Amino acid sequence: MDLHFGDSKPTDDERAAVDALLGPPASAWEGADDRTDADLRWARGGREARERRDQLLPGLHAINDRVGWISEGALDYLCRRLTVPPAEAYGVATFYAMFAVKPRPAKVVHVCTDLACATRGARAVCAGLEERLGAAGSASGGVVWQESPCLGLCERAPAALVIQAGQPASPGRLRPRTPAPQSPAGLEFATAVVAPATPEAVVLAASAPEAATAEPPATMAVPQAGQQGLTLLKRVGVVDPASLDDYRAYGGYTALRHAFDLGPAGTIREVTDSGLVGRGGAAFPTGRKWQATASQPAHPHYVVCNADESEPGTFKDRVVMEGDPYALIEAMTIAGYATGAHLGYLYIRGEYPRAVRRLEHAISEARARGFLGDDVLGQGYAFDIEIRRGAGAYICGEETALFNSIEGYRGEPRSKPPFPVEKGLFGKPTAANNVETLVNVLPILTHGAEAFRASETKLFCVSGNVTRPGIYELPFGATLGELLDLAGRPETLKAVLLGGAAGGFVRPDEMDIPLTFEGTRAAGTTLGSGVVLAFDGTVPLPRLLLRIAEFFRDESCGQCVPCRVGTVRQEEALHRILDRTGAEAATDIALLREVGQAMKDASICGLGQTAWNAVESAIDRLGAYK
Amino acid sequence: MTVTPLGIPRRLIEFTLDGQEIRVPEGSTLLEACRGAGKDIPTLCEGDTLTPKNACRVCVVEVEGARTLAPACSRRAEAGMEVRTDTERARHSRKVVLELLASSTDLSTTPRAAEWIKEYEAKPDRFGADAARLNEEPKIDNDLYVRDYDKCIQCYKCVDACGEQWQNTFAISVAGRGFDARISTEHDAPLTDSACVYCGNCIEVCPTGALSFKSEFDMREAGTWNEDEQTETTTVCAYCGVGCNLTLHVQENEIVKVTSPHDNPVTHGNLCIKGRFGYQHVQNRG
Ligand code: SF4
Ligand code: SF4
Ligand code: SF4
Ligand code: FES
Ligand code: FES
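In this report, we go over the structure that sits alongside the text. (Residues numbered from 1 in each chain as written. Chains lettered and ligands numbered in written order. Predicted model: local features only at pLDDT ≥ 70, side-chain atom pairs only at ≥ 80, totals over all residues. Heavy atoms only, no water.)

**Some thoughts on the overall build of chain A**
Here comes step 1: For chain A, the count of helices and strands is 25 helices and 13 strands.
Here comes step 2: By its C-alpha atoms, chain A is 80 × 60 × 45 Å across when sized along the principal axes.
Here comes step 3: Expressed as a percentage of its 626 residues, the buried residues of chain A come to 62%.
Here comes step 4: A fraction of 73% describes how many contacts in chain A between residues 6 or more apart in sequence connect residues 24 or more apart.
Here comes step 5: Per element, the accessible surface of chain A, about 22,300 Å² overall, is 51% carbon and sulfur.
Here comes step 6: Looking at chain A, you have 63 positive and 76 negative side-chain charges, and the mean spots of the two groups are 1 Å apart. (Helix = DSSP H or I, 4+ residues; strand = E, 2+ residues; numbered from the N terminus. Buried < 20%, exposed > 50% of the residue type's maximum accessible area, 1.4 Å probe, protein only. Contact = heavy atoms within 4.5 Å. Areas by Shrake-Rupley, 256 points an atom, 1.4 Å probe, with all protein chains shown as cover. Lys, Arg positive; Asp, Glu negative; His and termini not counted. Charge placed at Lys NZ, Arg CZ, Asp CG, Glu CD.)

**Description of helix 9 (residues 199–207) of chain A**
Residue and element names in this part refer to chain A.
Here comes step 1: For helix 9, the full list of buried residues reads Pro 199, Val 202, Ala 205 and Ala 206. Along the axis of helix 9, the buried residues cluster in a sector spanning 130 degrees; they form a single face.
Here comes step 2: On its buried face, helix 9 sits against strand 1 (107–112), helix 8 (122–133), strand 2 (143–148), strand 3 (160–164) and strand 4 (190–194). (Arc of directions from axis to C-beta.)

**A few points about the site of ligand 2**
Here comes step 1: By nearness alone, 13 residues border ligand 2, and Cys152(B), Cys155(B), Cys158(B), Cys206(B) and Thr208(B) come closest of all.
Here comes step 2: Considered class by class, the residues forming the shell around ligand 2 number eleven nonpolar, two polar and no charged. (Near = heavy atom within 4 Å. Nonpolar A, V, L, I, M, F, W, Y, C, P; charged D, E, K, R; others polar.)

**Some words on the sheet that holds strand 3 (residues 60–63) of chain B**
All names here are of chain B.
Here comes step 1: Spatial ordering of the open sheet is given by 2-1-5-3-4, a layout of five strands whose pairing is mixed. Two strands close off the open sheet at either side, each with one partner strand: strand 2 (20–25) and strand 4 (70–71).
Here comes step 2: Two strands pair when backbone bridges link them, and strand 3 and strand 4 are joined in this way by two bridges, in the antiparallel orientation. What sits directly across from Val 60, in strand 4, is Pro 71. (Pairing = 2+ DSSP bridges.)

**Things to note about the layout of surface pockets**
Here comes step 1: One number sums up the size of the second largest pocket: a volume of about 1,100 Å³.
Here comes step 2: For the second largest pocket, the lining is made up of 43 residues, of which Thr94(A), Tyr96(A), Ala97(A), Arg177(B) and Asp180(B) are closest to its centre.
Here comes step 3: Elements that contribute at least two residues to the lining of the second largest pocket include exactly helix 6 (86–93), strand 2 and helix 21 (541–555) of chain A together with strand 8 (182–184) of chain B.
Here comes step 4: Class assignment for the residues of the lining of the second largest pocket results in 18 nonpolar, ten polar and 15 charged. (1 Å grid on protein atoms, 1.4 Å probe; cavity = no way out; pocket = protein on both sides within 12 Å on 5 of 7 lines; lining within 4 Å. Points joined across faces, edges and corners; volume = space filled by probe spheres on them.)

**Focus: empty space enclosed by the protein**
Residue and element names in this part refer to chain B.
Here comes step 1: This structure, assessed with the given rule, holds six cavities of 30 Å³ or more.
Here comes step 2: As a volume, the largest cavity reaches approximately 110 Å³.
Here comes step 3: What lines the largest cavity is a set of 16 residues, among which Tyr 145, Cys 162, Ala 171, Cys 196 and Cys 202 lie closest to the centre.
Here comes step 4: Across the lining of the largest cavity, the residue classes tally to twelve nonpolar, three polar and one charged.

**A word on the packing of helix 22 (residues 561–576) of chain A against helix 23 (residues 582–602) of chain A**
Residue and element names in this part refer to chain A.
Here comes step 1: For the pair helix 22 and helix 23, interaxial distance at closest approach is 10 Å and the crossing angle is 160 degrees. With respect to helix 23, the axis of helix 22 lies roughly antiparallel. Classified by chirality, the crossing of helix 23 by helix 22 is left-handed. Here Pro 562, Gly 566, Thr 567, Gln 570, Ala 573, Leu 574 and Arg 576 of helix 22 come into contact with helix 23, specifically with Asp 588, Leu 591, Leu 592, Val 595, Ala 598, Met 599 and Ala 602. (Axes fitted to C-alpha atoms, helices over the stretch in contact; angles between N-to-C directions. Parallel < 35°, antiparallel > 145°, perpendicular 65-115°, else oblique. Left-handed = near helix turned anticlockwise from the far one by under 90°.)

**Topic: the nonpolar core**
Most often, soluble globular proteins keep nonpolar side chains buried together rather than apart.
Here comes step 1: Of all hydrophobic cores here, the largest spans 185 residues; its most connected members are Tyr96(A), Trp290(A), Ile329(A) and Phe505(A).
Here comes step 2: The leading source of residues in this core is helix 14 (residues 325–339) of chain A, at ten residues.
Here comes step 3: In terms of nonpolar packing, the next biggest core, distinct from the first, is built from 33 residues, Tyr145(B), Ala181(B), Ile183(B) and Leu211(B) among them. (Core = buried A, V, L, I, M, F, W, Y, C linked by side-chain atoms within 4.5 Å.)

**Section: the pattern of salt bridges**
Here comes step 1: Summed over the entire model, instances satisfying the criterion amount to 63 salt bridges over all chains.
Here comes step 2: The partner of Arg177(B) in a salt bridge is Glu555(A), and the shortest N-O contact between them spans 3.3 Å. Of the two residues, Arg177(B) sits in the loop between strand 7 (173–175) and strand 8 while Glu555(A) sits in helix 21, which places them in two different chains. Take Arg177(B) and Glu555(A): they sit in the same class, and that class is buried.
Here comes step 3: Note that Arg11(B) and Glu26(B) form a salt bridge whose closest N and O atoms lie 3.0 Å from each other. Of the two residues, Arg11(B) sits in the segment before strand 1 (12–17) while Glu26(B) sits in the loop between strand 2 and helix 1 (30–36), which places them 15 residues apart along the sequence.
Here comes step 4: Judged by its relative accessible area of 57%, Arg11(B) is exposed.
Here comes step 5: Judged by relative accessible area, Glu26(B) falls into the partly exposed class, the value being 35%.
Here comes step 6: Salt bridges sharing common partners tie together Glu155(A), Arg156(A), Glu215(A), Arg318(A), Glu322(A) and Arg354(A). (Salt bridge = Lys/Arg side-chain N within 4 Å of Asp/Glu carboxyl O.)

**Regarding the environment of Ile255(B)**
Residue and element names in this part refer to chain B.
Here comes step 1: Take Ile 255: it is sitting in strand 12 (residues 254–259).
Here comes step 2: Between the C-alpha atom of Ile 255 and that of Thr 231, which follows or precedes it by 24 residues, the distance is 9.5 Å.
Here comes step 3: Beyond its immediate sequence surroundings of up to four residues, Ile 255 is in contact with Leu 248, His 249, Val 250, Tyr 279, Val 282 and Gln 283.

**Some details on the packing of aromatic side chains**
A ring pair, where both rings are aromatic, is described by two values, the distance of the centres and the angle of the planes.
Here comes step 1: One pass over the full model with this rule turns up 20 aromatic pairs over all chains.
Here comes step 2: Taking 6.3 Å as the distance between ring centres and 65 degrees as the angle between the ring planes, the aromatic pair formed by Phe260(A) and Tyr381(A) counts as edge-to-face. With a gap of 121 residues between them, Phe260(A) in helix 11 (residues 254–274) and Tyr381(A) in the loop between helix 15 (353–368) and strand 7 (384–389) connect regions that are remote in the sequence. The same class applies to Phe260(A) and to Tyr381(A), which are both buried.
Here comes step 3: Between Phe505(A) and Phe535(A), the ring centres sit 6.3 Å apart and the planes meet at 45 degrees, which makes this aromatic pair tilted. Here the residue Phe505(A) occupies a position in strand 12 (residues 504–506), and Phe535(A) occupies one in strand 13 (residues 531–536), the gap between them amounting to 30 residues. Neither residue differs from the other here; Phe505(A) and Phe535(A) are each classed as buried.
Here comes step 4: Through a chain of ring-to-ring contacts, three or more aromatic side chains come together here, namely Tyr247(A), Tyr253(A), Tyr326(A) and Phe371(A).
Here comes step 5: When the ring centre of Tyr409(A) is taken as origin, the NZ or CZ atom of Arg53(A), which lies over that ring, is 3.8 Å away.
Here comes step 6: Over the ring of Phe127(B) we find Arg569(A), and its NZ or CZ is 5.4 Å from the ring centre. (Phe/Tyr/Trp six-rings, centres within 6.5 Å; stacked < 30°, edge-to-face > 60°. Lys NZ or Arg CZ within 6 Å of the ring centre and 35° of its normal.)

It is worth stressing that arrangement in space is one thing and function is another; only the former is reported here.
Take a look at the structure:
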């Protein structure tokens, strides 16, 4: 390929950030400043460097973490190091919401204005910040704040996330291989979560994120913590998430030992017999997916854990990862063993700094102790896990978009077929599962498929106007009403959004809906990602619908026409009818239906196909705009 | 005249197309099957020399048992499939997609767009006068070709032709996301500062006229562009030994643009800067 670079040079800081990730450049071909005689005689880099394209996203993160934005010089340098054409890298950098290609301050505050936060005072937080820090998007005093989609902290809404760019705080974390020059502003990379947020607390955290008050323990998100009868959440809040020994003391790694006893085929059989289906929303049988991956002749095989939980109202994966990180590592190891993979990718959304830290720690610990690596548990099976941090793109939760993202391409979904089990990550057979699905594998292998079937549970993320928001674990078959009673039903329940923004609304008189995949389907709605967002009489429905439409318009990857333009037209129509009802809204509702049908039928991926569900259900089931 | 190689023989598979049993070579797309059966399905992002990105969705058809519609240009025929091309559902999606496209972009130079809009009774105006549009000024930053992204439907064809599918120059890519996604050079730089080598292969594949020869762009502005009066002559490029075929488009005895036959087994419609743009010496009548 013709690689063409402009004249922009990286700053010392930017260069150091990239070199910390990739090591120093080996030659001028790879971006070193001085040409040696040897460089003049033969070329290096090329193919070998190109095969590291999957380092593009980590490289962009490295620059963004260090400087706060990605300059031309920095991007060009990263491209030289990886032999990636700058136009493509620019396309990737501009795809993600957490990166900027224009200068901005080192401190960026993301304020959630999504569904749960909107019901719990996000507007007031924004207004307060406007007063103190100026308009959203305008830099003042070294800080810029901006509105953000759901940060996955809905149980503590309203929420804000502060990210401060700077030197890596602990040198070990980014594994610098060259001494890093001091960052000019003298700042250290730091993040702080403020939830529940007040304008004062956000400003304070933004002024010194490294000194902000620590987040509450993960248990705070689990109202049932410590209760009997929990399976998936039983260790959250009980076990020390930093201690492998503690994890083992609470039954950790028995499931993997069982898997080794059963062998790969036996493990798959057990998972198939358990009847486990994917918890990400599609409800595909996990055993069948693993079997299909395991039996592919092409190699290597990969397992991918989809922890890019970005559905508004969803935060269960965060809580499990923060509270019980080793469980996920053990489950991924089992998935790898069963499907014949030796490398697993754990893709965590970029808005979850604490989950990333905990899993980084847990993985290095597991590696050091022989639970990951060349010879897992002395069984002669090699398996390791790489963490990939997302950078703010809901669409990367779509599995094929996630593969593209890991590979260093824009996070655009691929069209299926071929399916991932045949051609997934790097074009190889891949089993992709989300966090909740994977952790279910542990009780299956520990207690057997039959015991699992008898007591299968599901996680629900309850937020909005309830008194005890958080994650609930309930046996399949509990009703919506029972769940809401546990969480503290609001006095004037007006509507419940089931399954998140891609799900649908149900009425207060539909509390008997059983929370199963079949039950919700029979009731004409969906369980989706397990979101239960309750709204009381104070919530203006048309505003809520507009927020949902805004969300999809923002998050569409833009690849296909029905979604790229359809989501815009949907938002426009909802704007027009914001304060209208009846005949005045009728034309636009008809328009919405027509566009919605085409989005559902003709979009490439689930985002476009579901972008009209919630609005449709609000019109049909709740009688919005009547 | 060009020669099209036949390739290795393929197995035939049988499926139902609009109620009719038909047989196509294994690996054929539904679109190929439709065309073989004489059905005219609208397409925009599909191109005869590229692997379609199936992004425009005007070619959708109904496959029995599938939850969503399928893009005919990319979905391969499978034995036993039941495909319907002209159902209410498929027609509805095509209509809305045409409306969405025509309301956000300028389709005035997209061949057949007007015809399809009429056929499907699409009414792009019904989204109101305030409907968001691309609204971009043409980018004129060199003497060879113009990028008028107001007409761009983001079909990815130019990106694929510039990148891995043909030219391997990777001068352009899609930047941004969603409705704000745009075809862009690195750092949104002018073409002259980018990696572009002016092969013009992107113009060759652009289905909307968003990319055009500067000569064509200027003549359209001046109102002198008249395709009906143009003649096309295919000849051999005289510059180097590769021997690419050039099709000269001539209006009033002036070459107004150069294309290349897509069915040429060597070049598939691709040229280099000299063959594509180096024609002025022919008309130096000094
Ligand atoms: S449906 Fe939306 S998100 Fe999915 S591929 Fe199309 S544009 Fe992208
Ligand atoms: S410029 Fe033309 S070829 Fe490129 S994406 Fe736009 S419409 Fe397609
Ligand atoms: S178009 Fe370019 S490559 Fe082809 S024959 Fe002419 S000069 Fe040679
Ligand atoms: S954190 Fe704000 S809605 Fe989820
Ligand atoms: S032509 Fe098939 S999707 Fe565009």
